[in-house]
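Below are the chains, spelled out letter by letter.
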Amino acid sequence: GSSPIGTYKQLIEWYNKGDLDFSNVKTVNLDEYKGLTKDNDQSYYYFMYNNLFKHINIDLNNTNIPDGTEPDSAIECARYNRVIDDIGGIDLQLLGLGRNGHIGFNEPDQVFTKGTHCVNLAESTIEANKRFFAKMTHCVDLTESTIEANKRFFASIDDVPRQAYTMGIKTIMQAKTILLIASGADKARILREALCGPVTPQVPASILQLHNNVIVVADEAAMAEF
């Protein structure tokens, strides 16, 4: 999505001023549309290269994005999990926030019932629902709301891919630090639900309440319901 563009512009500005050096930085992107090639102008490889990588001194061999052209989901997900393991995990995880609460392309699910709050999750509840929260890189079917939100980037809604490879909740939660960014009035309701509502797979970002080092950067419009 467009959430990180301002962040990337600021990083480029600091790099051009000589304040940052990316020569030893390694990156792993959250997701990629399944079926899109790297040169497709709507792929996340294309997005990252044109919005950040080509403007800084990062070694492209140190940048990692799921391969959208790999048709076998099991093969690509296993490969990407190995990539993350090989670099030693994630130090800083940058997240945007989907209008339906998704992080990466981890879409709302129906695993939890009754909206269990983070303060009273029983071990039996955690065990019963671990199949959702234990996910690492996986292939997801995008929800209609996500397809609708992303259609502005494509010629028509029919061109929006219906599947994507995404880093899973487990991988995100294993990051040492998480930086969540949100802007605009259309994110106000879901930001409040994610940070102050029950921890539920129906709002995937709500799991961040259980992480011990989350930083939230939001504008006034996105914070309007606090």
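Read on for a plain summary of the structure. (Residues numbered from 1 in each chain as written. Predicted model: local features only at pLDDT ≥ 70, side-chain atom pairs only at ≥ 80, totals over all residues. Heavy atoms only, no water.)

## Observations concerning the pattern of salt bridges
Right, on to step 1. Under the defined criterion, the tally for this structure stands at 6 salt bridges.
Right, on to step 2. One salt bridge connects E193 with R189, and the closest N-O pair in it is separated by 2.5 Å. Here the residue E193 and the residue R189 both occupy positions in helix α8 (residues 188-196), the gap between them amounting to 4 residues, near one helical turn.
Right, on to step 3. Judged by its relative accessible area of 43%, R189 falls in the partly exposed class. (Salt bridge = Lys/Arg side-chain N within 4 Å of Asp/Glu carboxyl O. Helix = DSSP H or I, 4+ residues; strand = E, 2+ residues; numbered from the N terminus. Buried < 20%, exposed > 50% of the residue type's maximum accessible area, 1.4 Å probe, protein only.)

## Focus on the sheet that holds strand β7 (residues 177-182)
Right, on to step 1. Spatially, the 3 strands line up as an open sheet ordered β4-β7-β8, and their pairing is parallel. Here the strands that pair on one side only, and so sit at the sheet edges, are β4 (92-95) and β8 (214-218). If you compare each strand with its neighbour and ignore which way they point, the axes differ by 15° on average. (Pairing = 2+ DSSP bridges. Axes fitted to C-alpha atoms, helices over the stretch in contact; angles between N-to-C directions.)

## A short note on the sheet that holds strand β5 (residues 138-141)
Right, on to step 1. Pairing within the open sheet is antiparallel, and its 3 strands lie in the order β2-β6-β5. The open sheet terminates on both sides in strands that have one partner only, identified here as β2 (31-33) and β5. Going across the sheet, the axis of each strand differs from the next one's by a mean of 25°, ignoring polarity.
Right, on to step 2. By the bridge criterion, 3 bridges tie β2 to strand β6 (residues 163-166) in an arrangement that is antiparallel. Residue pairing in the sheet places Y33 in a bridge with A164 of β6.

## As for helix α3 (residues 73-86)
Right, on to step 1. Taking 1.5 Å per residue, 14 residues should reach 20 Å; α3 reaches 20 Å between its end C-alpha atoms and fits that length.
Right, on to step 2. Buried positions along α3 lie against β1 (27-28), β3 (63-64), β5, β6 and α7 (169-173).
Right, on to step 3. N-capping of α3 is provided by D72, with a side-chain oxygen placed 3.0 Å from the backbone N of A74.
Right, on to step 4. Positive phi shows up at G88, right after α3, with a value of about 90°. (Expected span 1.5 Å × (residues − 1). Contact = heavy atoms within 4.5 Å. Polar contact = N/O pair within 3.5 Å; in protein donor to acceptor, adjacent residues only side chain to side chain.)

Read these as geometric descriptors, not functional statements.
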